[in-house]
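Residue-level structural notes
Spelled out, the chains give:
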Amino acid sequence: MTAESPHSEGIRVVQEPGPNELRDPIVRAELKRASVWFGLGIGVALVVLLIQPLLIIFGGLVVASMLDGGVRLLGRVLPIPRGLRLLIVVLFVLGFIGSVFYLTGVQIALQAEQLRTTLEVQGNRVVEWISGLGLMPGRADITSMAQQALGSIGRLTSAVGSVLGAGASLLMVLSIGLFVAIEPRIYERGLQWMVPVAARDDFSVTIGRMARMLRVLLAGRLLGMVFEGVVTWILLSIAGVPMALLLGIITGILAFIPNIGAFVSGVLMISVGFSAGTDTGFWAIAVYFGVQTFDGYVLIPLVAKKTVDLPPALTLSAQILASTLFGFMGLALADPIVAMIKVALESEAERAAKAQDREPRAFHWRVRHRDTVAATIAEPPGQPPLLEPPRGGPMLLHDYFRSSAAYRVRIALNLKHVAYERREVMLLENEQRSPEHLALNPQGFVPALEIDGKVLTQSLAIIEWLDARYPEPRLIPADPDARAAAMAQALVIAADTHPLNNLRVMRRLKAMGIEDDARDEWTRHWIAEGFAALEAMMGDGPFLGGATPYIADVFLVPQMFNARRFGASIDAFPKLVRADAAAQEIEAFAAAHPDRVAPQ
């Protein structure tokens with residue numbers, strides 16, 4: 001029986017890949033898209049389930065911002081270590097709270113009991129008056145409605161509903177705030193490690209803006225709390241309103257919650273005022289509106305000018321939503337949360353505006369081996385598409401797989417996502433001294449980069465050109481101070497370390513009769529000396545340049561490859577080892593490794 005084609009048998013064969021063909025790029029793309037939505041759903045569910053602990057953590061960050069603001073303010077007048085300044089701030093806060101309760105504790109306790117009784121009496125009078133007008137149901141119905149409302153408010157979350165729970169939550173908030181304030185850099189670095197390297201610059205800028213905004217916002221809020229509390233106490237005392245001290249303290253505390261806090265304190269103040277007489281009640285109204293008017297038209301605009309201007313309707317809406325869903329902690333933290341969200345959205349809009357100026361991107365990058373046959377290599381997964389040169393076809397990199405200088409340029413091209421081809425120049429066979437290559441580079445070195453009829457030589461000059469032509473991501477910082485620091489680190493390798501152990505120096509030492517072991521020791525000596533300087537110059541970031549790799553990291557990785565190749569000990573340089581390992585996790589660095597581009 002002869003095998004026939006499906007078409008001749010009238011059978012239609014599906015040509016598209018099936019769901020089980022995971023190697024197919026279309027299926028992988030669909031799975032990736034589905035995993036994003038699935039992960040987003042899981043994230044939302046976790047936020048809903050863990051909202052109370054998340055609010056406690058955020059409350060700790062708010063406390064940490066307050067303490068950090070005090071530490072920074074104290075640092076302007078006392079040039080002492082941060083730990084001592086933090087200790088002074090904490091002791092001052094504890095001393096202030098303790099002295100207030102020591103001096104006025106008995107008076108506050110008596111006034112608190114008196115306030116409870118007064119509010120109960122005044123509330124009953126209001127209810128009876130409105131009920132007498134026929135505008136409200138009976139007392140039993142009101143009690144039932146209140147219980148139902150309170151039950152529905154707390155149904156979505158387990159907000160702190162007992163004195164024990166409130167105390168435990170407060171203790172956790174203060175503990176988290178104190179730990180973060182002691183050494184904020186540790187937690188900032190941990191957050192950066194959770195973000196992909198390519199996004200760390202933008203992420204760090206956004207987090208820095210949020211932190212600064214939160215510090216200034218809370219400083220203004222504390223100033224408003226002190227102002228409202230003290231002025232309210234003084235004016236109520238002058239007006240003869242009972243319980244002036246307690247009302248001042250309550251007004252100051254509630255000033256932390258805009259809109260709603262002012263309304264609640266006003267109700268309390270006016271209720272107590274009218275309990276002492278009509279004239280006193282009107283004086284209480286005058287004090288309330290006078291203090292709130294000054295706060296709203298003077299203090300709040302000054303704070304908004306330094307941080308973010310939050311529309312009152314937005315703030316009030318967020319407070320209503322947060323208090324309904326998350327209870328009192330949601331109400332107290334709604335304002336800082338909205339402010340931070342606004343800063344994040346503004347930063348994202350700024351990045352999006354900059355991204356519109358970028359050039360269109362292609363989808364592949366190419367490598368040319370010594371036989372000049374081009375091989376197309378698929379773009380590394382998870383990496384942005386690669387940029388094509390402006391005209392004239394792909395760049396041509398005259399390269400040697402084990403050359404440190406060429407290795408640097410490969411890394412830079414990969415980081416810039418620029419399409420290029422490689423042409424291998426075999427240094428050990430002296431192809432760099434051929435007339436053809438000397439016409440390109442009279443020094444007889446690699447790399448040499450051909451683009452649009454031009455030839456660029458010297459790895460540092462090539463990378464500077466790439467940074468100017470393709471500015472994202474930046475390899476050389478734009479800030480003059482950061483630029484000088486990055487170039488100094490890079491030149492420790494480019495000018496003071498690598499030139500002493502490159503191929504022509506090794507050949508000259510051999511021609512002078514230096515044995516192989518002595519030449520290797522020579523190499524190890526100069527590598528160790530350069531690495532010792534770099535180790536001292538490196539900061540706390542995972543890379544030499546900080547949170548993201550810069551030009552110094554592009555130079556470090558090839559030199560670390562040389563160090564291992566010549567058996568140099570690198571155990572004495574843990575920071576450099578860490579920076580090299582972090583860079584090797586980036587596909588742009590890994591794809592440029594000599595083992596990946598060596599001729600087959």
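As a reminder, the structure under discussion sits directly above these lines.
This write-up is about the structure you can find in this document.

Calculation criteria
Residues numbered from 1 in each chain as written. Predicted model: local features only at pLDDT ≥ 70, side-chain atom pairs only at ≥ 80, totals over all residues. Heavy atoms only, no water. Pairing = 2+ DSSP bridges. Helix = DSSP H or I, 4+ residues; strand = E, 2+ residues; numbered from the N terminus. Patch = residues over 30% accessible without salt bridge, like charges linked within 9 Å, V, L, I, M, F, W, Y side chains within 5 Å. Areas by Shrake-Rupley, 256 points an atom, 1.4 Å probe, with all protein chains shown as cover. Salt bridge = Lys/Arg side-chain N within 4 Å of Asp/Glu carboxyl O. Core = buried A, V, L, I, M, F, W, Y, C linked by side-chain atoms within 4.5 Å. Buried < 20%, exposed > 50% of the residue type's maximum accessible area, 1.4 Å probe, protein only. Polar contact = N/O pair within 3.5 Å; in protein donor to acceptor, adjacent residues only side chain to side chain.

Where strand β5 (residues 448-451) meets strand β6 (residues 454-457), 4 bridges bridge the pair, whose relative direction is antiparallel. When the bridges of β6 are listed, Ile-451 appears paired with Lys-454. Two successive antiparallel strands, β5 and β6, enclose a turn made up of 2 residues, where Asp-452 displays a positive phi of approximately 55°.

This part takes up a nonpolar patch on the surface. Together, Phe-38, Ile-42, Leu-46, Val-47, Leu-49, Leu-50, Leu-54, Ile-57 and Leu-61 give the surface a local cluster of nonpolar side chains, amounting to about 830 Å² of exposed area. Of all the elements in the fold, those that place two or more residues in the nonpolar patch are α1 (25-49) and α2 (51-75). With 5 residues, the single largest contributor to the nonpolar patch is α1. Relative to the helices and strands, Ile-57 resides in helix α2.

What follows covers the nonpolar core. Within soluble globular proteins, side chains that are nonpolar tend to cluster in buried spots. By size, the foremost hydrophobic cluster in this structure holds 50 residues, and its most contacted members are Met-395, Phe-531 and Leu-556. Here the element with the most residues in this core is helix α18 (residues 551-565); it accounts for 9 residues. Of all hydrophobic cores here, the second largest spans 34 residues; its members include Leu-67, Leu-86, Met-210 and Leu-218.

Turning to its location among the elements, Ala-528 is positioned in helix α17 (residues 516-537). Once the C-alpha coordinates of Ala-528 and Ile-570 are considered, the two residues, 42 residues apart in sequence, prove to be 7.8 Å apart.

As a further point, take the side chain of Arg-422. Tracing the backbone through its elements, the reader meets Arg-422 in strand β4 (residues 420-424). Residue Arg-422 is classed as buried on the basis of its relative accessible area, which comes to 0%. A polar contact of 2.5 Å, which involves the side chain of Arg-422, links it to the side chain of Glu-424. In terms of polar contacts, Arg-422 uses its side chain to reach the backbone carbonyl oxygen of Val-597, at 3.3 Å.

With that settled, the discussion passes to the pattern of salt bridges. Counted by the stated rule, this structure contains 11 salt bridges. Notably, a salt bridge pairs Asp-399 with Arg-410, separated by 2.9 Å at the nearest N-O pair. Here the residue Asp-399 occupies a position in strand β3 (residues 395-399), and Arg-410 occupies one in helix α12 (residues 404-416), the gap between them amounting to 11 residues. Across this residue pair, the class does not change: Asp-399 and Arg-410 are buried. Arg-596 serves as the salt-bridge partner of Glu-587, at 2.8 Å between the closest nitrogen and oxygen. A relative accessible area of 23% means that Glu-587 is categorised as partly exposed. A relative accessible area of 48% means that Arg-596 is categorised as partly exposed. Beyond isolated ion pairs, a larger network of salt bridges with shared partners links Asp-399, Arg-410, Arg-422 and Glu-424.

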